[in-house]
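# What the coordinates show
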Amino acid sequence: MDRVILTGAALLIALCVTVVPLWADTISVPLKPMEIPDSTNAMAQLAVRRVAGQAGGHPTLRVPPKGISRQATYFSVQVAGKTLLMAMEYSRSASKLYVDGNADGDLSNDRPLVARRSRGRKQVFPAMPLKTADGSKVFVKIEAASQYTLYIYPGAMYSGTAKVGDKSFRVFVADANFNGTFSDRYSGTSRATGGPAYDVLGVDMDGNRRLGGAVNCCEEVMPLPKVVRLGDAFYSVSAAADAKTLELEPAQVETGTLDVGMPYANLLLWSENGAYRISDGNAKCELPAGHYTPKDLNLVKKDKGGATWTLDGYPSGKVTSFDIAAGETKSLPLGTPLKAKVSIGRGTGGALSLSFNIYGAADESYGAGAYRNGRRQPLPRFTIVDESGKKVGSGSWSYG
Ligand SMILES: [Ca+2]
Ligand SMILES: [Ca+2]
Ligand SMILES: [Ca+2]
């Protein structure tokens, strides 16, 4: 009897010796659901869809809600594989939303949702459960951004704590494409019909209990990637379809370097291997080798008085999708010297129309107006002179 137990114990020890090191390498993070309060949440921002409405009705509407005013706006949106017809009676604080849940084109048999103010002072309707075609449940939140605009985003996300060595990272996943699963990776295609084609991963990389911004070039919120960088190491990411767990496994990732040549650029890049941002005085970032799509660009600089000046850019010119190879340093000089270009056209009645644009070193374009501490500044004035230098006209630019 003793021998049998001993043999069992020996077998158990042998199993532990062979199994534990592999098992310990993969970090399995249990996740729990939590509410997404409003569209200002960083996870919602990568998932949010803007839906435009119209006054007067909708072609698929058979019966309007009882007693609805003539100012009401009507919306139709594809979400979770369904077409939702909605009517909104907008007011400053407690807008009402009628959703045709039984899809009969009759809004007189649907009880309205009443918006409440979130802490971000947004008008948010109570989360609405929807069933996808395969029967999975999706929580959808709708927000009244204005009388003519609704924001739609996931009502819930899942969250847990990943212990990596002696550090802990809060992680979050959200079903951004509303198909009932949390495992849809970014494939380079950012939008399907009307909404995101991916789910979203958030990692509080700097441990400040907030999501947003970048840490060592790694963006804290990203379309669900294959790998994520935590500290100095990369980990492959697997989110369970049902969001019960997130698994992180140490991964060998080859990297290259992107050099934008100047320290004032703020460039956001998306890839299958995560989202990255060059900002905060960096000109260079080490990135996984792969294909990158620029998503956002601006130039940000503080003046001597401490005011922050921003020039809004558009990823254009040479700043479109590009590859970074392993071991490569890719040079993509942005920004200065900036060139102002004036294009001349003929407006109505033969009047001259002048348009003004700013281009950077990679022919990327910037808006003509700068922002000082977030406030838009007046546009430059211009003077027209003839060949002899005599002033023949002057004016100022306007936005639009
Ligand atoms: Ca109905
Ligand atoms: Ca999904
Ligand atoms: Ca953070």
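Up top is the structure these notes are about.
Residues numbered from 1 in each chain as written. Chains lettered and ligands numbered in written order. Predicted model: local features only at pLDDT ≥ 70, side-chain atom pairs only at ≥ 80, totals over all residues.

## Quick look at the overall build of the chain
What counts is decided by this rule: Secondary structure is summarised from DSSP: a helix means a run of H or I of at least four residues, a strand means a run of E of at least two, and numbering begins at the N terminus for each. Residue burial is a threshold on neighbouring C-beta atoms within 10 Å of the residue's own C-beta, all placed from the backbone, with 20 or more meaning buried, 12 or fewer meaning exposed, and counts in between meaning partly exposed. Throughout, a pair of residues is in contact if the C-beta atoms placed from their backbones lie within 7 Å.
Counting secondary structure elements, the chain contains two helices and 36 strands. Across its three principal axes, the chain shows a C-alpha extent of roughly 110 × 65 × 35 Å. Of all 400 residues assigned to the chain, the portion counted as buried reaches 32%. Nonlocal contacts in the chain, meaning residues at least 24 apart in sequence, comprise 56% of its contacts between residues at least 6 apart.

## Re the pairing of strand β13 (residues 149-154)
Note the following rule: Paired strands are those between which DSSP finds at least two bridges.
The buried fraction of β13 amounts to five of the six residues, a majority that puts the element mostly inside the structure. Strand direction decides the pairing type here: strand β3 (residues 49-52) and β13, joined by four bridges, are antiparallel. Opposite arginine 50, over in β13, you have tyrosine 151 as the bridge partner. Looking at chain direction, strand β12 (residues 137-146) and β13 are connected through six bridges and run antiparallel. Looking at β13, one finds that serine 146 is bridged to threonine 149. Remark: two residues form the turn of the hairpin made by β12 and β13, two consecutive strands paired antiparallel.

## Focus: the nonpolar core
Short version of the rule: Note on terminology: a nonpolar core is a set of buried residues of type Ala, Val, Leu, Ile, Met, Phe, Trp, Tyr or Cys, with members joined through C-beta atoms within 7 Å.
Core analysis: the biggest nonpolar cluster contains 89 residues, and Met43, Ala47, Met86, Ile152, Val173 and Val200 have the highest contact counts within it. Those residues in contact with alanine 47 that lie beyond four places of it in its chain are Tyr153, Pro154, Ala174, Ala176, Pro196 and Val200.

## Section: the sheet that holds strand β1 (residues 27-30)
Hydrogen bonds between backbone groups are what pair the strands of a sheet, and the pairing can be parallel or antiparallel. To keep it simple, the criterion reads: Fitted lines through C-alpha atoms serve as axes, helices being fitted only where they are in contact, and the angles separating the N-to-C directions of these axes extend from 0 to 180 degrees.
Within the open sheet, the four strands sit side by side as β1-β22-β21-β20. Their pairing is antiparallel. On the outer flanks of this sheet lie β1 and β20 (227-230), each paired with one strand and no other. For this sheet, the mean angle separating the axes of adjacent strands, direction not counted, is 30°. Here strand β21 (residues 233-239) pairs with strand β22 (residues 245-251) via six bridges, running antiparallel.

Without other data, these values stay purely geometric and don't point to any function.
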